[in-house]
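Understanding the architecture of this molecule
What follows is the residue order along each chain.
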Amino acid sequence: MQIYLPIAEVSVNAFLLLGLGGLVGILSGMFGVGGGFLMTPLLFFIGIPPAVAVATEANQIVASSFSGLLAHLKRKTVDFRMGTVLLIGGLVGAAIGVQVFAALRAVGQVDLLVRLCYVVFLGIIGALMFVESLNAIRRMGKPGAAPKRKKHNWIHALPGKMKFRTSGLYISVIPPLIVGLLVGVLAAIMGVGGGFIMVPAMIYLLGMPTKVVVGTSLFQIIFVTGFTTLMHATTNYTVDMALAVLLLVGGVVGAQIGTRIGVRLKAEQLRILLALIVLGVCGKLAFDLLVQPNELYSLGAAGGH
Amino acid sequence: MLRWIAILLLFPWAAQSETVVAGLSQNRVSITANFDGSEILIFGAVKREAPDGLDLPIDVIIAVEGPSEPVMVRRKEKWFGIWVNRDAVEVDSAPSFYKVATTGRFDEVLSETEDLRHNVSIERAIRRVDAPQGIMDAERFTEALIRIRKRERVYQERPYTVILSERTLFRSSVALPANLTEGNYKVRIFLTREGNVIDAHETKIYVRKVGLERFLYNLSREQPLLYGIMSLAIAIAAGWLASAVFRYVRS
């Protein structure tokens, strides 16, 4: 069944969109990430204009994160105080990101920036996660060799300390603000919630306990992506509601299936799988940047729009 | 079509010796949510004051043109090892859709001078005023535009697709793709002999989004904030619903 998307002005198969939503939903249910980093390139691939894909994807993440947050609220695994600090940084970052996006769109480099961001961040995160989970699996073979955790580093020397009771932390507000800001910029430019950057940053940089990380990350992602959606809707007019709804429905169903699959797998196996997927997407995008394209020319809307 | 012939026979105008009259199977196309393209039949007849007795062959050209807008054509270049958009040329006006159907080979049914006068070929339908400084090969950019749009099948030259019978009646059909932009589509019909235009006729097809498509598009442009809030509300509601259904299924 073909459906005409009012903002993207393309006609696509509705079942294809439901399927994509479902597929990414399964992965996000399994790994606890928004899945935007997978969905946005997939949308480019089926011919949705990049600007529309990025803006609409932000809207879809609001839905999946909200659904996930409700589950975490019940388990009381959300650090609101930390979430709010991250959020303040995130909103400033998102505002900057949307402006950068609009400016680059006018010069025609938005495509490049989005792709570069993807390659760099997917590459770094994928590689780190892969090595880390490989080590974790190796350690399991040797009992007694518990992982050593650094108690103090340069982060603890910064001023402006604050108590985060749910996380059991007493640290400066500067690192979470910066982490929030960076993720906010990326969320706006890449059309992702930033969960795949936020989660490792919270664990490894801020030293938050793993059980509160996902819920807290979801809490602030909702606001950042919600804000991003509004900014894109008002400055670039690129949010396609019909597209968002189709992706949502698929994503929500997929997430349920994914959560069930996730329960049956070990944490390290899950992380290795996710790392491989992330590296795969990264490799494909890097390949496209490095290899001479078949068509050197591309068409875009003329400036001043 | 018979009606047209009847009209022709009843009202012999006293203008040119040969004129063209034409009609469309529909002059309105509504883009609904499940719009997946449309086929329009273009038909007509050559009207003659009196039998011309010359018996010279005539040709018909039908050009369907979508709304024009400026297009930025960019070229990738290798830069520090990666392929990046470098040079860009703005094409001042390029139709979003252009199909030209003819009774014979294009260069045989229309001479170059007549093409210059009436802007019929794809190359002539695109207008580029000047190239930015420092770009010497600006025509490569217009060629690329045509090449890309031909590949996407929104620009097409279709020789031998206008069927002309008895040097009087002609018909052709044009397929409008699913990825159609809104606007007024211009349909031009030329009657030619030995490459010269004898008569021309112009009409329009009105392509409009309707219903939900219209509503969403207008809302996104006129009330962007409200539209954004609505999108968020839908997302939040869907998220809540999913979690509620999930809980219900589990319990």
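As the structure is a prediction and not an experimental result, all values here were calculated from the model.

Thresholds applied
- Along each chain, residues carry numbers from 1 onward, in the same order as the chain's sequence is written.
- Naming scheme: in the order in which they are written, chains are lettered from A and ligands are numbered from 1.
- Reporting of local features is limited, given that this is a predicted model, to residues whose pLDDT is at least 70; pairs of side-chain atoms are given and counted only at 80 or more, and all residues count toward the totals for whole chains, interfaces and linings.
- The side-chain numbers reported here are obtained from all heavy atoms of the structure, hydrogens and water having been left aside.
- We count a stretch as a helix when DSSP gives it H or I for four or more residues in a row; a strand needs E for two or more, and each element gets its number in order from the N terminus.
- Just to be clear, the radius of gyration here is over C-alpha atoms, and the globule rule we use is 2.2 Å times residues to the power 0.38.
- Buried, partly exposed and exposed residues are distinguished by accessible area as a fraction of the type maximum, computed with a 1.4 Å probe on protein chains only: under 20%, between the cut-offs, and over 50%, respectively.
- Any two residues whose heavy atoms approach within 4.5 Å are treated as being in contact.
- All accessible-area figures derive from a Shrake-Rupley calculation using a 1.4 Å probe, and residue coverage is judged against the displayed protein chains alone.
- Only four residue types enter the tally: Lys and Arg on the positive side, Asp and Glu on the negative side, with His and both chain ends excluded.
- Charge positions are represented by NZ for Lys, CZ for Arg, CG for Asp and CD for Glu.
- As used here, buried area is the combined drop in accessible area, with a 1.4 Å probe, of two parts when they are placed together.
- Whenever a carboxyl oxygen of Asp or Glu lies within 4 Å of a side-chain nitrogen of Lys or Arg, that contact is scored as a salt bridge.
- A 3.5 Å cut-off defines polar contacts: any pair of N or O atoms within that distance qualifies, except that in protein one atom must be a possible hydrogen donor and the other a possible acceptor, and neighbouring residues in sequence count only when both atoms are side-chain atoms.
- UniProt positions are given in the numbering used here, feature names are shortened, and annotations may be inferred rather than shown by experiment.
- Pairing between strands requires that DSSP locate at least two bridges from one strand to the other.
- To get an axis, a line is fitted to the C-alpha atoms, and for a helix only the part in contact is used. The angle between two axes follows their N-to-C directions and goes from 0 to 180 degrees.
- Take the buried Ala, Val, Leu, Ile, Met, Phe, Trp, Tyr and Cys residues and link them wherever side-chain atoms come within 4.5 Å; each set so joined is a nonpolar core.
- We call Phe, Tyr and Trp rings a pair once their centres come within 6.5 Å, taking the six-membered ring for Trp, and we label the pair stacked below 30 degrees between planes, edge-to-face above 60, and tilted otherwise.
- Here, over-ring charges are defined by two tests on the NZ atom of lysine or the CZ atom of arginine: distance to the ring centre within 6 Å, and angle to the ring normal within 35 degrees.

Some words on the overall build of chain B
- Along the backbone of chain B there are seven helices and 12 strands.
- By the compact-globule yardstick of 18 Å for 251 residues, chain B is too spread out, its C-alpha radius of gyration being 24 Å.
- C-alpha atoms of chain B, sized along the principal axes, occupy 85 × 50 × 30 Å.
- Of all 251 residues assigned to chain B, the portion counted as buried reaches 45%.
- Restricting to contacts in chain B with at least 6 residues of sequence separation, those with at least 24 account for 70%.
- Looking at chain B as shown, the accessible area adds up to about 13,300 Å², and 54% of this sits on carbon and sulfur atoms.
- Within chain B, the 32 negative side-chain charges are centred at a point lying 8 Å from the centre of the 34 positive side-chain charges.

Some thoughts on the overall build of chain A
- Looking only at helices and strands, one finds 10 helices and five strands in chain A.
- Its C-alpha atoms give chain A a radius of gyration of 19 Å, within 12% of the compact-globule value 19 Å for 305 residues.
- Split into buried and exposed, the 305 residues of chain A put 53% on the buried side.
- Considering only residue pairs separated by 6 or more positions, chain A has 76% of its internal contacts joining residues 24 or more positions apart.
- As presented, chain A carries roughly 13,200 Å² of accessible surface, and 70% of it is formed by carbon and sulfur atoms.
- The averaged location of the 9 negative side-chain charges in chain A is 22 Å from the averaged location of its 22 positive side-chain charges.

Overview of the interface of chain A and chain B
- Contact residues are listed per partner, giving 53 residues for chain A and 59 residues for chain B.
- Summed over both sides, the interface between chain A and chain B buries roughly 4,900 Å², with carbon and sulfur atoms accounting for 64% of that surface.
- Contact with chain B buries area across many residues of chain A, yet Tyr 4, Met 241 and Tyr 297 of chain A alone supply 17% of it, more than any other trio.
- Taken together, chain A and chain B are joined by one salt bridge.

Things to note about the side chain of Ser 133 of chain A
- Take Ser 133 of chain A: it is sitting in helix α5 (residues 110-141).
- There is a polar contact of 2.5 Å between the side chain of Ser 133 of chain A and the backbone oxygen of Met 129 of chain A.

Here's the deal with the UniProt feature "transmembrane region" (unreviewed entry) in chain B
- The UniProt entry lists residues 225-249 of chain B under the feature "transmembrane region" (unreviewed entry), expressed in the numbering used here.
- The span residues 225-249 of chain B is 100% helical and 0% strand by assignment, and the distance between its end C-alpha atoms comes to 36 Å.

Some thoughts on the sheet that holds strand β4 (residues 59-65) of chain B
Residues and elements named next belong to chain B.
- In space, the six strands of this open sheet follow the order β2-β12-β11-β4-β7-β8, with mixed pairing throughout. Two strands lie at the open edges of the sheet, namely β2 (28-31) and β8 (155-158), each paired on one side alone. Adjacent strand axes in the sheet meet at a mean angle of 15°, parallel and antiparallel pairs treated alike.
- Bridge count between β4 and strand β11 (residues 183-193): seven bridges; the pairing is antiparallel. In the strand pairing of β11, Asp 59 is matched with Thr 192.

Quick look at the pattern of salt bridges
Residue and element names in this part refer to chain B.
- Evaluation of the coordinates by the stated rule reveals 11 salt bridges over all chains.
- As a salt-bridge pair, Arg 188 and Glu 65 come within 3.8 Å of each other at their nearest N and O atoms. Separated by 123 residues along the polypeptide, Arg 188 in strand β11 and Glu 65 in strand β4 bring together distant segments of the chain. Considered together, Arg 188 and Glu 65 belong to a single accessibility category, that of buried residues.
- Here Glu 182 and Arg 214 are joined by a salt bridge, their closest N and O atoms 2.4 Å apart. Note that Glu 182 is positioned in the loop between β10 (169-176) and β11 and Arg 214 in helix α6 (residues 211-222), a separation of 32 residues in sequence.
- Residues joined in a network through salt bridges with shared partners are Glu 18, Arg 48 and Arg 193.

Regarding the nonpolar core
- In terms of nonpolar packing, the biggest core is built from 70 residues, with Phe 37, Ile 48 and Leu 122 of chain A touching the most fellow members.
- Among the elements that line this core, the one with the most residues is α5 of chain A, at nine residues.

Section: the side chain of Thr 102 of chain B
Residue and element names in this part refer to chain B.
- Counting through the fold element by element, Thr 102 comes out in strand β7 (residues 98-102).
- Only 2.7 Å separates the side chain of Thr 102 from the backbone oxygen of Gly 104, close enough to count as a polar contact.
- Every residue in contact with Thr 102, bar those within four places of it in the chain, is listed here: Val 60, Ile 61, Val 109, Arg 158, Pro 159, Tyr 160, Thr 161 and Val 162.

Description of the packing of aromatic side chains
- Per the stated rule, a full pass over the model turns up six aromatic pairs over all chains.
- Between Tyr 297 of chain A and Phe 141 of chain B, the ring centres sit 5.1 Å apart and the planes meet at 90°, which makes this aromatic pair edge-to-face. Remark: Phe 141 of chain B occurs in helix α5 (residues 138-151) and Tyr 297 of chain A occurs in strand β5 (residues 297-301); the pair is interchain, linking two chains. Accessibility assignment for this pair places Tyr 297 of chain A and Phe 141 of chain B in one class, buried.
- Grouping aromatic residues by their ring pairs yields a cluster made of Phe 80, Phe 219 and Phe 223 of chain A.
- Cation over ring: Lys 209 of chain B sits above Tyr 217 of chain B, and NZ or CZ is 3.6 Å from the ring centre.

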